[in-house]
Amino acid sequence: MAGRRSSLGFLGMFGRSSDLRQLDVALRAADLHPALVPEGVKLTIVNLMKDHWSDEPPTQAYAEVAQLFSYCVAGPETFESSHGLPQRQDVERRVEAAVQAGDSFDAQIVLMTLHAKLISAEVVERYGLGTE
C-alpha cells in the first residue's frame, strides 16, 4: 500500500492535508507562527514524522516536535519566556541527547532546522552545531 502524501493545497481549491494542519496548530501552541516557517520545511517535518512512526504519528507527537523546533528557532531565552523554565529544560535535554546520539529523530529535526538556516545562533553556539 502506498503511503499517504501531504498536500499544500492548490489555488485554494484543495485543502491542506491533515498532517500539515496538525503541525500548524502545534506550531502556534509552541508560540511559533506557522507563516514564519517555509512550507518546504513543514513538509520535511511531516515526512520525517511519517518515516519515524510506521503508522500515523500520534497526536501528541506534533506538539513535541513543534516544541523542539520552536526552541531551535527562537533560542533558549525566548522559548523560556513563552513556555517556562521546566519546558525549556526538557527541550534542552532532548537537544543534548540528540547531539550525543547523532542519528535520532530529534537529531534529524535539529539538523533540518540548521540546514534550513532557521536555527538560532545561540543554539548553534551552545551545542557546537555545524554542517560538517
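Scope of this entry: the structure provided in the associated data block.

The next point concerns the packing of aromatic side chains. On inspection of all chains with the given rule, the structure shows two aromatic pairs. With a centroid separation of 5.3 Å and 70° between ring planes, the pair formed by tryptophan 53 and phenylalanine 105 is classed as edge-to-face. Within this pair, whereas tryptophan 53 is found in the loop between helix H2 (39-52) and helix H3 (59-74), its partner phenylalanine 105 is found in helix H6 (residues 105-115), the two being separated by 52 residues in sequence. Among the residues examined, tryptophan 53 registers a relative accessible area of 22% and is labelled partly exposed. Note on tyrosine 71 and phenylalanine 79: the rings are 5.7 Å apart at their centroids and 80° apart in plane angle, and the pair reads as edge-to-face. Accessibility assignment for this pair places tyrosine 71 and phenylalanine 79 in one class, buried.

This part is about the pattern of salt bridges. For the coordinates displayed, the defined rule picks out nine salt bridges. The shortest N-O distance in the salt bridge between aspartate 19 and lysine 50 comes to 3.2 Å. Separated by 31 residues along the polypeptide, aspartate 19 in helix H1 (residues 18-29) and lysine 50 in helix H2 bring together distant segments of the chain. Look at the salt bridges and you will find they share partners, linking Glu77, Glu80, Arg88, Glu92 and Arg126 into a network.

Scoring rules and cut-offs
- Residues numbered from 1 in each chain as written.
- Predicted model: local features only at pLDDT ≥ 70, side-chain atom pairs only at ≥ 80, totals over all residues.
- Heavy atoms only, no water.
- Phe/Tyr/Trp six-rings, centres within 6.5 Å; stacked < 30°, edge-to-face > 60°.
- Helix = DSSP H or I, 4+ residues; strand = E, 2+ residues; numbered from the N terminus.
- Buried < 20%, exposed > 50% of the residue type's maximum accessible area, 1.4 Å probe, protein only.
- Salt bridge = Lys/Arg side-chain N within 4 Å of Asp/Glu carboxyl O.

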